[in-house]
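Below are the chains, spelled out letter by letter.
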Amino acid sequence: MNDQEVEKVAEILVCDDDKAIVEAIEIYLTQEGHHVQKAYDGEEALHILRSSPVDLLVIDVMMPKLDGIRATLKIREELSLPIIILSAKSEDADKILGLNVGADDYVTKPFNPLELVARVKSQLRRYTQLGAASEIRKANVYETGGLSIDDDKKEVRVDGDLVKLTPIEYRILLFLVKNKGRVFSISQIYENIWNEEAIAADNTVAVHIRHIREKIEINPREPRYLKVVWGLGYKVEKIS
């Protein structure tokens, strides 16, 4: 891999409630040829990350609505992009906490913009070199806790042990794991799996759910992964 490949143009999200800081960072990163998206609180950053591709995030600790620490926690539940935290010099605890919850690096305020640019380059290079092959291999692998589905191999494993499912059971579980944490009604599950209108589908879905639980849960009566949300439907729990 040559430098040109490593230093390719990146999509970078900068999040800070101080607009002057965001604009200053944007100028320096744009000069490097990168494209910069801007957010001014953690909630706005999350919305952007969920709606458009981003290669790296620079985020401040102290912000309204959703601070940088809590935002990083939420982001790490879904994404593996590099995260650089900005923090004031007096907030050593926040720096340590930020790294512990999943940030890759931190820069203290006030900072030299050239130092930040260098750290951005370093993280992008590391992510490209060390992460790309792994990301490609895992592109169709979906995990929650010890439950893993490799959709290329059509394999389901629980704590490393292979679990055999019927094709319908597999499709139901894959659908729920892809959307882990989200509750789906019986009708929604039926229509997504069978691709037809759900008419009297309750028993059909319930039977398959029961069989899946018997195969993936240690105790099907107290499931860890596949849970019922009474009156609403089913979901696969999001477990780190």
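As the structure is a prediction and not an experimental result, all values here were calculated from the model.

Calculation criteria
Residues numbered from 1 in each chain as written. Predicted model: local features only at pLDDT ≥ 70, side-chain atom pairs only at ≥ 80, totals over all residues. Heavy atoms only, no water. Axes fitted to C-alpha atoms, helices over the stretch in contact; angles between N-to-C directions. Helix = DSSP H or I, 4+ residues; strand = E, 2+ residues; numbered from the N terminus. Parallel < 35°, antiparallel > 145°, perpendicular 65-115°, else oblique. Left-handed = near helix turned anticlockwise from the far one by under 90°. Contact = heavy atoms within 4.5 Å. Pairing = 2+ DSSP bridges. Salt bridge = Lys/Arg side-chain N within 4 Å of Asp/Glu carboxyl O. Buried < 20%, exposed > 50% of the residue type's maximum accessible area, 1.4 Å probe, protein only.

## Regarding the packing of helix α3 (residues 42-51) against helix α4 (residues 68-76)
Packing of α3 against α4 leaves a shortest axis separation of 9 Å and a crossing angle of 20 degrees. In terms of axis orientation, α3 runs roughly parallel to α4. In terms of crossing hand, the pair formed by α3 and α4 is right-handed. Touching Gly 42, Leu 46 and Leu 49 of α3 are Ala 71, Lys 74 and Ile 75, all from α4.

## Examining the pairing of strand β6 (residues 141-144)
Across four bridges, β6 lies against strand β7 (residues 147-150) in antiparallel orientation. Looking at the pairing, Glu 143 lines up with Ser 148 of β7. Between β6 and β7, which follow one another and run antiparallel, lie two residues, and Gly 145 among them has a positive phi close to 60 degrees.

## Regarding the pattern of salt bridges
Within the structure shown, the criterion is met by 16 salt bridges. In this structure, Glu 155 and Arg 157 form a salt bridge, with 3.6 Å as the shortest nitrogen-oxygen distance. Overall, the relative accessible area of 25% leaves Glu 155 in the partly exposed class. Residue Glu 169 is joined to Lys 215 by a salt bridge in which the shortest nitrogen-to-oxygen separation is 2.7 Å. Separated by 46 residues along the polypeptide, Glu 169 in helix α7 (residues 167-178) and Lys 215 in helix α9 (residues 202-216) bring together distant segments of the chain. Judged by relative accessible area, Glu 169 falls into the buried class, the value being 3%. Counted as one network, the salt bridges with shared partners bring together Asp 16, Asp 60 and Lys 109.

## As for unusual backbone geometry
Residue Lys 109 is joined to Pro 110 through a cis peptide bond whose omega torsion reads -10 degrees. Along the chain, the position of Pro 110 falls in the loop between β5 (105-109) and α6 (113-137). Unlike most non-glycine residues, Lys 154 shows phi in positive territory, near 60 degrees. Along the chain, Lys 154 falls in the loop between β7 and β8 (155-158).

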